[in-house]
Amino acid sequence: MVRVEQIPLHQIRRPLPRQNDPHKVEALMESIREIGQQEPIDVLEVDGQYYGFSGCHRYEACQRLGKETILARIRKAPKSVLRMHLA
């Protein structure tokens, strides 16, 4: 089951480091300032913890804008799915 809701940025763990394109982050920041976040990021919820593997540019843009929450598409998953993402 998938649900979409605002979740606190500080609760999202991002276990895989990624280099973001600074120009794309700036463009997203401008867009989010003007019209808000249009597309949720995808997160896994495993044992009550949130893990983000996509939406890195949107995540950074919201962080840099000082947002406390981010719109996320949340999918509950067992630890076995999390391990597959980390492999």
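A few points on the structure.

Thresholds applied
- Residues numbered from 1 in each chain as written.
- Predicted model: local features only at pLDDT ≥ 70, side-chain atom pairs only at ≥ 80, totals over all residues.
- Heavy atoms only, no water.
- Helix = DSSP H or I, 4+ residues; strand = E, 2+ residues; numbered from the N terminus.
- Rg over C-alpha atoms; globule rule 2.2 N^0.38 Å.
- Buried < 20%, exposed > 50% of the residue type's maximum accessible area, 1.4 Å probe, protein only.
- Contact = heavy atoms within 4.5 Å.
- Areas by Shrake-Rupley, 256 points an atom, 1.4 Å probe, with all protein chains shown as cover.
- Lys, Arg positive; Asp, Glu negative; His and termini not counted.
- Charge placed at Lys NZ, Arg CZ, Asp CG, Glu CD.

**Here's the deal with the overall build of the chain**
Line of reasoning, step 1. Helix and strand counts for the chain come out as three helices and five strands.
Line of reasoning, step 2. The secondary structure elements of the chain, listed N-terminal to C-terminal, are β-β-α-β-β-α-β-α.
Line of reasoning, step 3. Here the C-alpha atoms of the chain give a radius of gyration of 13 Å, agreeing with the 12 Å that 2.2 N^0.38 yields for 87 residues.
Line of reasoning, step 4. Seen along its three principal axes, the alpha-carbon backbone of the chain occupies a region of about 40 × 25 × 20 Å.
Line of reasoning, step 5. Looking at the chain as a whole, 34% of its 87 residues qualify as buried.
Line of reasoning, step 6. Partitioning the contacts of the chain with sequence separation of at least 6, the portion at a separation of at least 24 is 86%.
Line of reasoning, step 7. Approximately 5,700 Å² of the chain is accessible, and the part contributed by carbon and sulfur atoms is 50%.
Line of reasoning, step 8. Averaged over its 14 positive side-chain charges, the chain has a centre that lies 7 Å from the centre of its 11 negative ones.

**Looking at the environment of L9**
Line of reasoning, step 1. Turning to its location among the elements, L9 is positioned in the loop between β1 (2–8) and β2 (12–13).
Line of reasoning, step 2. Here L9 falls in the buried class, since its relative accessible area comes to 6%.
Line of reasoning, step 3. Remark: the alpha-carbon pair of L9 and I70, spanning 61 residues in sequence, is separated by 6.1 Å.

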